[in-house]
Amino acid sequence: MSLPLAPAGADSSALDEETARAEVYGLLAALYYAPPSSELLAQLRVAVTEAPAAGGFLEEPWRALVGSARALSDEAIQTEYDDLFGGVGKPEIFLYGSHYLSGFLNEKPLIKLRDDLAELGLARDEAMSETEDHFACLCEVMRYLIAGDDVAVANLARQQAFFARHIQPWAEQMCDAIAAHPKARFNADLAGFTRAFLSVEAQGFDLLDS
């Protein structure tokens, strides 16, 4: 696993940058959806941590995440996921947008999200246990909007609109909650990388309007 971490304007093609963005969203989806598999953690531990150009904004949080994966065992990371996000009843930390936007699960934000997904031609897989406003599911949508073949759906305008409406308003609160939790070690670094990546995404989308 190797993620391009060059700052904006570095020598890389637009195609490479889009591929990297899609890969990051895919990685975040995997790490937030379930306890990470041993295979995924093994890939993360051998990831390149140096940016191809000095000063990459994501370099330090990415290095911290990879370092945390290297320092902790599979079992410790997987147990931490269950402690924070799993368990019976109310989890320690919610990963659902509705919780942060309305204070409750399955509320109006989820209805609006489902309407927008239907407009994109997307629907929840019946085999999926989580609702569509789970952060991992939203990352999967973003990955599709970046890497999908249908240019009528997979384009920057759609990405910007979806990000601004369904991720940007609450994801930082989620990251703050994770980072502040006393049981969070690996996931504290995951939250730090997530926050940094989403900040880069927000800045990139802002440039589209300038």
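Residues numbered from 1 in each chain as written. Predicted model: local features only at pLDDT ≥ 70, side-chain atom pairs only at ≥ 80, totals over all residues. Heavy atoms only, no water.

1. As for the overall build of the protein
Formally: Each helix corresponds to a stretch of at least 4 residues labelled H or I by DSSP, and each strand to a stretch of at least 2 residues labelled E; elements are numbered beginning at the N terminus. Type-normalised accessible area, obtained with a 1.4 Å probe on protein chains alone, sets the label of each residue: buried when under 20%, exposed when over 50%, and partly exposed for intermediate values. Any two residues whose heavy atoms approach within 4.5 Å are treated as being in contact. Areas reported here follow the Shrake-Rupley algorithm with a probe of radius 1.4 Å; residue values treat only the protein chains shown as occluding.
Of the regular secondary structure elements, the protein holds ten helices and zero strands. For the protein, the α and β elements follow one another from N to C terminus as α-α-α-α-α-α-α-α-α-α. Per-residue burial for the protein yields a buried fraction of 45% across its 210 residues. Taking contacts inside the protein between residues at least 6 apart in sequence as the whole, the part at least 24 apart equals 68%. A total of about 10,600 Å² of accessible surface is found on the protein, and carbon and sulfur atoms cover 53% of it.

2. As for the packing of helix H4 (residues 74–85) against helix H10 (residues 186–209)
The condition that has to hold: In this analysis, axes come from line fits to C-alpha atoms, helices being fitted only over the stretch in contact, and the angle between any two N-to-C directions falls in the range 0 to 180 degrees. Roughly parallel refers to an angle under 35 degrees, roughly antiparallel to one over 145, roughly perpendicular to one between 65 and 115, and oblique to any angle outside these ranges. In this classification, the charged set is Asp, Glu, Lys and Arg, the nonpolar set is Ala, Val, Leu, Ile, Met, Phe, Trp, Tyr, Cys and Pro, and all remaining amino acids, among them Gly, are polar.
At a minimum axis distance of 9 Å, the contact between H4 and H10 shows a crossing angle of 75 degrees. Taken together, the axes of H4 and H10 lie roughly perpendicular to each other. Residues Ile 77, Glu 80, Tyr 81, Leu 84 and Phe 85 of H4 pack against Phe 186, Asn 187 and Ala 188 of H10. Looking at the contact of H4 with H10 residue by residue, the classes come out as six nonpolar, one polar and one charged.

3. Some points on the packing of helix H7 (residues 135–147) against helix H8 (residues 156–166)
Keep this limit in mind: Should the near helix be turned anticlockwise from the far one by less than a right angle, the crossing is termed left-handed; should it be turned clockwise, right-handed.
Running from amino to carboxyl end, H7 crosses H8 at an angle of 165 degrees, the nearest separation of the two axes being 9 Å. With respect to each other, H7 and H8 are oriented roughly antiparallel. Where H7 crosses over H8, the two elements pack in a sense that is left-handed. Seen from H7, the contacting residues are Leu 138, Val 141, Met 142, Leu 145 and Ile 146; seen from H8, they are Arg 158, Gln 159, Phe 162, Phe 163 and His 166. Its residues assigned to classes, the contact of H7 with H8 comprises seven nonpolar, two polar and one charged.

4. Looking at the confidence of the model for the protein
Note the threshold: A residue's pLDDT is simply how confident the predictor is in it, with values from 0 to 100.
Taken over all residues, the pLDDT of the protein has a mean of 88, while the share at 70 or more is 89%. Across residues 1–12 the pLDDT falls below 50, and counting only partners more than four positions away or on other chains, this stretch makes 28 contacts in the model.

5. Notes on the pattern of salt bridges
Selection rule: Salt bridge, as applied in this entry: a Lys or Arg side-chain nitrogen positioned within 4 Å of an Asp or Glu carboxyl oxygen.
With the rule as written, the count across this model stands at ten salt bridges. Among the salt bridges present, the one from Asp 74 reaches Arg 45, with a minimum N-O distance of 2.7 Å. Of the two residues, Asp 74 is situated in helix H4 and Arg 45 in helix H2 (residues 38–45); the sequence distance between them amounts to 29 residues. On the basis of relative accessible area, Asp 74 is assigned to the partly exposed category, the value being 21%. For Asp 116, the salt bridge identified is with Arg 165, shortest N-O distance 3.1 Å. In this pair, Asp 116 is assigned in helix H6 (residues 108–119) and Arg 165 in helix H8, connecting sequence segments 49 residues apart. Three or more residues joined by partner-sharing salt bridges are found here, namely Glu 18, Arg 21 and Glu 201.

6. Some points on H6
Note the following rule: Helix span is expected to be 1.5 Å times the residue number reduced by one.
Helix length check: H6 (twelve residues) gives 17 Å between terminal C-alpha atoms against 16 Å at 1.5 Å per residue, within 8%. Where the residues of H6 are buried, they touch helix H5 (97–102), H7 and H8. The first or second residue beyond H6 is Gly 121, which carries a positive phi of 80 degrees.

7. Thoughts on the packing of aromatic side chains
Operational definition: Aromatic rings from Phe, Tyr and Trp, with only the six-membered ring used for Trp, were paired whenever their centres fell within 6.5 Å, and each pair was classed as stacked if the ring planes differed by under 30 degrees, edge-to-face if by over 60, and tilted otherwise.
Evaluation of the coordinates by the stated rule reveals eight aromatic pairs. Between Tyr 32 and Phe 135 the ring centres are 4.9 Å apart and the planes differ by 80 degrees, which places this aromatic pair in the edge-to-face class. Residue Tyr 32 is found in helix H1 (residues 14–33), and its partner Phe 135 is found in helix H7; the two are separated by 103 residues along the sequence. Accessibility assignment for this pair places Tyr 32 and Phe 135 in one class, buried. Summarising the aromatic geometry, the rings of Phe 163 and Phe 205 are spaced 5.3 Å apart at their centres and angled 50 degrees between planes, so their arrangement reads as tilted. On the criterion of sequence distance, the pair formed by Phe 163 in helix H8 and Phe 205 in helix H10 is long-range, its members being 42 residues apart. Both residues of the pair, Phe 163 and Phe 205, belong to the buried class. These aromatic residues form a ring-pair network of at least three members: Tyr 25, Trp 62, Phe 193 and Phe 197.

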